[in-house]
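Each chain, letter by letter, is given below.
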Amino acid sequence: MKASDVAKYILKNSSKRLSNLELQKTLYFAEIDFIKEHKKSLIDDNFEAWQFGPVVRDIYMEYRDYGANSIDVPDNQEKLDLSDTEKETIAKTIKQCNSKSYWDLVGETHKEGGAWDKTYQKGQKKIIDKELIKKEAE
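Residues numbered from 1 in each chain as written. Predicted model: local features only at pLDDT ≥ 70, side-chain atom pairs only at ≥ 80, totals over all residues. Heavy atoms only, no water.

A.B. asks: Go over the overall build of the protein with me, naming the residues and quoting the values.
C.D. replies: Broken down by element type, the protein carries seven helices and three strands. Secondary structure elements in the protein, listed N-terminal to C-terminal, are α-α-β-β-α-α-α-α-β-α. Its C-alpha radius of gyration of 14 Å places the protein within 12% of the 14 Å reference for a compact globule of 138 residues. Taken over the C-alpha atoms alone, the protein extends approximately 40 × 35 × 25 Å along its principal axes. The proportion of buried residues among the 138 residues of the protein is 45%. Taking as baseline every contact in the protein between residues at least 6 positions apart, the subset at least 24 positions apart corresponds to 75%. (Helix = DSSP H or I, 4+ residues; strand = E, 2+ residues; numbered from the N terminus. Rg over C-alpha atoms; globule rule 2.2 N^0.38 Å. Buried < 20%, exposed > 50% of the residue type's maximum accessible area, 1.4 Å probe, protein only. Contact = heavy atoms within 4.5 Å.)

A.B. asks: Account for the nonpolar core, with residues named and values stated.
C.D. replies: In this structure, Leu-27 and Ile-90 are the most contacted members of the largest nonpolar core, which totals 35 residues. Residue assignment for this core shows that the elements contributing at least two residues are α1 (3-13), α2 (20-38), α3 (57-63), α4 (84-98), α6 (115-119) and α7 (130-137). A total of eight residues in this core trace back to one element, the largest contributor, which is α2. Among residues more than four places away in sequence, those in contact with Ile-90 are Val-6, Tyr-9, Ile-10, Ala-30, Leu-42 and Leu-82. (Core = buried A, V, L, I, M, F, W, Y, C linked by side-chain atoms within 4.5 Å.)

A.B. asks: Give me the lowdown on the packing of α2 against α4, citing residues and values where you can.
C.D. replies: Here α2 crosses α4 at 130°, and the two axes come no closer than 9 Å. As summarised for this structure, α2 and α4 are arranged oblique, according to the angle between their axes. The two elements α2 and α4 meet at a crossing, and its hand is right-handed. In contact with Thr-26, Phe-29, Ala-30, Asp-33, Phe-34, Glu-37 and His-38 of α2, α4 contributes Thr-85, Glu-86, Thr-89, Ile-90, Lys-92, Thr-93, Ile-94, Gln-96 and Cys-97. Split by residue class, the contact of α2 with α4 holds six nonpolar, six polar and four charged. (Axes fitted to C-alpha atoms, helices over the stretch in contact; angles between N-to-C directions. Parallel < 35°, antiparallel > 145°, perpendicular 65-115°, else oblique. Left-handed = near helix turned anticlockwise from the far one by under 90°. Nonpolar A, V, L, I, M, F, W, Y, C, P; charged D, E, K, R; others polar.)

A.B. asks: Could you give an account of α7, naming the residues involved and the relevant values?
C.D. replies: Among all positions in α7, only Ile-133, Glu-136 and Ala-137 are buried. Along α7, the residues classed as buried sweep out an arc of 100° about the axis, all on the same side. In this structure, the buried side of α7 is in contact with α2 and α6. (Arc of directions from axis to C-beta.)

No statement about biological role is implied by the geometric values presented.
Okay, here's the thing in structure tokens:
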């Protein structure tokens, strides 16, 4: 599944408007939650270890002009190709992430021994190995 489809679903179904940072964290936790529940990856794109946590570069680039402001909700006319199972898992993740501040979400992605922690090197934006993400989901 393309991260852009998951991101649009998150933006359309969030109970609050999200910043790029909040969207990135929700994407990451949707990936973790999907792996936990279904033993396979949801998002095909790579996450990179950036200063404030895991980031899908294409999603960051798409919404970077918003800065720290809330991203506009995408047009409802676009049909997203997500299964009911995918929607159900993502919806649970959205609800959990919406109840937390973005700094809480950053803290959770930075937990010691997690995929971001094992990959991040100051000043670099390295791809997080998908196996590390799977191990974090265990």
